[in-house]
Amino acid sequence: MAEKKTPRGDVPAVSGVLPRAIHLVPLDHIAGFDVRPGFYDINGATAIPGGVNFTVHSRGATSVELLLFHREQDEPYAVLPFPEHYRIGNVYSMIVFKLNIEEFEYAYRVDGPYEPQKGLIFDKSRYLLDPYAKAVTGQSAWGKVQPHGQHFKARVVKDDFDWGSTRNPLIPMEDLIIYELHVRGFTMDDSSNVRCPGTFAGLMEKLPYLEELGVNAIELMPIFEFDEMLDYREADGQKLYNYWGYNTVSFFAPNTSYTASTEYNREGNELKRLIQACKQKGIEVYLDVVFNHTAEGNEMGPFFSFKGFDNNIYYLLTPEGYYYNFSGCGNTLNCNHPVVHQMILDCLRYWVTTYRVDGFRFDLASILGRDEHGAPMVSPPLLQAMAFDPILGDVKLIAEAWDAGGLYQVGSFPAWNRWAEWNGRYRDDMRRYIKGDGGLAQAAALRMAGSMDLYDTEARRNASINFLTCHDGFTLHDLFAYNEKHNQRNGWNNTDGANDNNSWNCGAEGETDNPGVNALRQRMIRNAVTLLMCSRGTPMFLAGDEFGNTQGGNNNAYCQDNLTSWLDWNLLEKNQGLYQFFRYLIRFRKEHRVLRANVSRGACGFPDVSFHGVAPGQGSFGPEDRYVGVLFAGWERETGPQLVYVASNAYWEELEAELPQLPAAMSWRLVVSTWQEEQGVYPQNGNAFTIGPRSVLVFEAK
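Keep in mind it's a predicted model, so treat the numbers as computed, not measured.

J.: Explain the overall build of the protein to me, please; I cannot follow it from the model alone.
T.: If you tally the helices and strands in the protein, you get 13 helices and 34 strands. By the compact-globule yardstick of 27 Å for 702 residues, the protein fits well, its C-alpha radius of gyration being 28 Å. The principal-axis extents of the C-alpha atoms in the protein amount to approximately 95 × 55 × 50 Å. The buried share of the protein, reckoned over its 702 residues, is 62%. In the protein, once contacts between residues fewer than 6 apart in sequence are set aside, the share between residues at least 24 apart is 71%. For the protein, the accessible surface area stands at approximately 26900 Å², while carbon and sulfur atoms represent 49% of it. Each charge class in the protein was averaged separately, 63 positive and 86 negative side chains, and the resulting centres sit 4 Å apart.

J.: Help me understand the pattern of salt bridges in this model?
T.: As a working rule, side chains carrying opposite charge can pair if their charged atoms are close by. Per the stated rule, a full pass over the model turns up 35 salt bridges. Here Glu-400 and Arg-361 are joined by a salt bridge, their closest N and O atoms 3.0 Å apart. Of this pair, Glu-400 sits in the loop between strand E22 (396-399) and strand E23 (419-422) while Arg-361 sits in strand E21 (residues 359-362); the two residues are 39 residues apart in sequence, bridging distant segments of the chain. This pair shows no difference in class: Glu-400 is buried, exactly as Arg-361 is. A salt bridge links Glu-421 to Arg-460, with the shortest nitrogen-to-oxygen separation between them at 3.3 Å.

J.: Help me out: how do you make sense of the nonpolar core in this one?
T.: Side chains of nonpolar character tend, in soluble globular proteins, to be buried together. Counting 199 residues, the largest nonpolar core has Phe-54, Tyr-106, Tyr-179, Trp-351, Phe-362 and Met-386 as the members making the most contacts within it. Beyond its immediate sequence surroundings of up to four residues, Tyr-106 is in contact with Ala-45, Phe-54, Leu-66, Leu-67, Leu-68, Phe-69, Asp-130, Ala-133, Lys-153, Ala-154, Arg-155 and Val-156. Counting 18 residues, the second-largest nonpolar core is a separate cluster that includes Ala-657, Ile-691, Leu-697 and Ala-701.

J.: Is there a simple way to think about helix H6 (residues 338-354) in this case?
T.: Every α-helix winds through 3.6 residues per turn, so residues three or four apart in the chain are directed the same way. In a regular helix each residue adds 1.5 Å, so 17 residues correspond to 24 Å; H6 covers 24 Å between its end C-alpha atoms and thus fits that length. Counting buried positions along H6 gives twelve out of 17 residues, so the element sits mostly inside the fold. Of all the residues in H6, the buried ones are Val-340, His-341, Met-343, Ile-344, Leu-345, Asp-346, Cys-347, Leu-348, Tyr-350, Trp-351, Val-352 and Thr-354. Just past H6, the residue Arg-356 takes up positive phi, approximately 60 degrees.

J.: In this structure, what is going on with the sheet that holds strand E30 (residues 640-649)? I would like to understand it.
T.: Strand pairing in a sheet is mediated by backbone hydrogen bonds. Such pairs are either parallel or antiparallel. If you walk across this open sheet you meet the five strands as E28-E29-E30-E34-E32, and the pairing is antiparallel. A strand with exactly one partner marks an edge of an open sheet, and here the two such strands are strand E28 (609-612) and strand E32 (668-673). Within the sheet, the average angular offset between the axes of one strand and its neighbour, ignoring direction, is 20 degrees. Taken together, the ten bridges between strand E29 (residues 627-636) and E30 define a ladder with antiparallel strand orientation. Bridge pairing in E30 links Ala-633 to Leu-643. Lying over the sheet, helix H9 (residues 441-448) contacts E28, E29 and E30, oriented at roughly 20 degrees with respect to E29. Strand contacts of helix H11 (residues 515-533): E30, E32 and strand E34 (695-701), with the helix running at about 40 degrees to E34, the strand carrying the most contacts.

J.: For this particular structure, what's the right way to read the sheet that holds strand E8 (residues 78-81)?
T.: Read from one edge of the open sheet, three strands run E8-E7-E11, paired in antiparallel fashion. Each having just a single partner strand, E8 and strand E11 (105-111) make up the two edges of the open sheet. Here the strands of the sheet are splayed against their neighbours by 25 degrees on average, with no regard to which way each runs. In this structure, strand E7 (residues 63-69) lies alongside E11, joined through seven bridges in antiparallel fashion. Paired with Leu-66 across the strands is Tyr-108, a residue of E11.

J.: Even after reading the chapter, I still don't get empty space enclosed by the protein, so can you show me in this structure?
T.: Empty space among the atoms becomes apparent when a probe as large as a water molecule is rolled across them. Counted under the stated rule, the structure contains six cavities of 30 Å³ or more. In this structure, the largest cavity is lined by 16 residues; those nearest its centre are His-182, Met-221, Leu-542, Gln-551 and Ser-565. The residue inventory of the lining of the largest cavity, partitioned by class, reads eight nonpolar, seven polar and one charged.

J.: Can you help me understand the packing of helix H5 (residues 306-314) against H6 in this one?
T.: Helix packing for two helices is described by the angle between their axes and how far apart those axes are. Remark: H5 packs on H6, axes separated minimally by 9 Å, with the N-to-C direction vectors making an angle of 120 degrees. In contact with Phe-306, Ile-313 and Tyr-314 of H5, H6 contributes Val-339, Val-340 and Met-343. Within the contact of H5 with H6, the residues separate by chemical class into six nonpolar, no polar and no charged.

Here is what the cut-offs are and how they apply
Per-chain numbering applies: the sequence of each chain, read as written, is numbered from 1 onward. Totals for whole chains, interfaces and linings use all residues, but because this is a predicted model, local features are given only for residues with pLDDT of at least 70 and pairs of side-chain atoms are given and counted only at 80 or more. Note that the side-chain values use all heavy atoms of the structure and ignore hydrogens as well as water. Comment: elements are numbered from the N terminus, with helices defined as DSSP H or I runs of at least four residues and strands as E runs of at least two. The reference for a compact globule is 2.2 Å times residues^0.38; the radius of gyration itself is calculated from the C-alpha atoms. Classification of residues uses two cut-offs on accessible area relative to the type maximum, computed with a 1.4 Å probe and protein chains only: under 20% is buried, over 50% is exposed, and between them is partly exposed. Contacts are residue-level and defined by heavy atoms, with any inter-residue pair within 4.5 Å sufficient. Surface accessibility follows the Shrake-Rupley procedure with a 1.4 Å probe radius. Residue values consider only the protein chains on display as shielding. Positive: Lys, Arg. Negative: Asp, Glu. His and the chain ends are not part of the count. By convention, charge coordinates are those of NZ in Lys, CZ in Arg, CG in Asp, or CD in Glu. For this document, the term salt bridge refers to a Lys or Arg side-chain nitrogen within 4 Å of an Asp or Glu carboxyl oxygen. To form a nonpolar core, buried Ala, Val, Leu, Ile, Met, Phe, Trp, Tyr and Cys residues must be joined to one another through side-chain atoms within 4.5 Å. One less than the number of residues in a helix, times 1.5 Å, gives the span that helix is expected to have. At least two DSSP bridges between two strands are needed for those strands to be called paired. Only the stretch in contact is used when a helix axis is fitted, and all axes are lines through C-alpha atoms; the angle between N-to-C directions ranges over 0 to 180 degrees. Each cavity reported here is a set of points on a 1 Å grid over the protein atoms alone in which a 1.4 Å probe fits but cannot get out, each pocket an open set with protein on both sides within 12 Å along at least five of seven lines, and each lining residue one with an atom within 4 Å of a point. Grid points are joined across faces, edges and corners, and a volume is the space filled by probe spheres set on the points. Amino acids outside the nonpolar list (Ala, Val, Leu, Ile, Met, Phe, Trp, Tyr, Cys, Pro) and the charged list (Asp, Glu, Lys, Arg) are all regarded as polar, and Gly is one of them.

So yeah, pure geometry; function would need other evidence.
Okay, structure coming up:
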């Protein structure tokens, strides 16, 4: 295209492309390109009128080179060293004119001292991925073994997605029902009957299903660009991948293998369409984010980005220069170093502003509160900054409040009244209570009441994310089908995965034709979901639990990109009764705000929450108690008094119990029974009732 003559002071104009009055002119000529110093406060690579702005930073570097590649090529066609006067402080910035973003990919080379004992491992021979890359090349084909010597490169992304008038649903915490899913595994099996299996588009095809089920928030397991081939291996002829995705390659880039088509220079648009469609259905979207470690691993791991820019800044290192491993994955991000702190905040803001994400679940979030020596901090600056950041003001912040280094902060995570927590105590206590362990009745009552012993202030009343299952562990079906983990297919001789599952196989290990065992398992599943949906706090469950999905007893299916992890949608038809039970309980919860929040000081003479044994008014429980009654009472302006009584019998024999006495004009009505499928007016002898062994009844006062 012919270059037009322009007056000095204007950018050389390309016909039909550049405006006339942009006062950025080339000042230097490097490797055949016109260049000038760039915008130092805009990290990453950004298309601007007339060219591309490239900005990176490194405290320890002595020089930085920009490498330009033709698409899908491994060797650069141009190498542009940053002149020394293009550096301000530790920031290198350069505008390269007349670059077409659709015609190149880029990386960096960084030189500096090599002193491993000080954590300095600069290596100019390495091609480095931009830490602020918005798209990573070569990752769009899932499960492809990269040729020897191939490296990550980045693309410049054109952000021109039209959100129109789309608004975030802004659902209050107490009204949420969170559904955790793996984007690939959700629709990868043929039984999903979607046109684009294993993709964002495939998930979007299932939104009517999620809407019908009643969930109003989906939590996506990692969708940042990760390398599923990291630690790829074969065991017994089976291909084992890093399937879950907890090994981040780039924090700012979406996983392109989750797209149905290649999105050159518009990476992320399919994900944006999914998020937009969710919002239009009133469904929030949360991302499971992994800021505790990266895919670079330890001394034996790959070297592709952060190690080459500032290894001793991005990672927690021992005095000898080795990697602390509080993540269990080889390295630990130095989250409270100001540089890393700023990158994490920039990343979260980017996903909120560019992708309109509604919330984040932080994997092993306790690491985010460790200092540069690995010690827990009382007031971690990163967590505080997230809590008060204006851009993040409306998003949900959810912590997995522990890490692999032994730090467990459930109930004590530094929160500033902004952070919610995966309540591991809810999972453990309720699992044990439901299967009939002794001494758990008091704990179960507290968990159902919103874990008031852990979150004892009004400001933290909505901090508990209640869950019995998640990606990490047994599915709900397997929780009552296996006493032991069965992880042999993972290739570690069944040594991986947790051993403290608090599960019960109901009398037979694994799948069985025994009708009594299967009936008991179905009842146990119904007990679990009933108690989950009738507990204060935010309920969350794992995709597929609603129709009895199984992983065959595998409680650590992180490497299983196959039917072990993929949802079998045939089970939806087979277990339609269970699915309908889930739907009913979700709807029941939504219709009874008294189950979700303290709507008043109580009603009809009852306090907001009260505990009952087989006789009303017991208040507390002993070590042999296995019956728990919880009464939720409140007053709604539109409906008047709301009273819901949840009776749970974890004992293996039926019990005679009594409901609390109501005012004369009211009576109890049975609305949920896991023992038998009946609803309606409950035949009463006064307030006495019989509750079957291992069952749950829910009564509503009318």
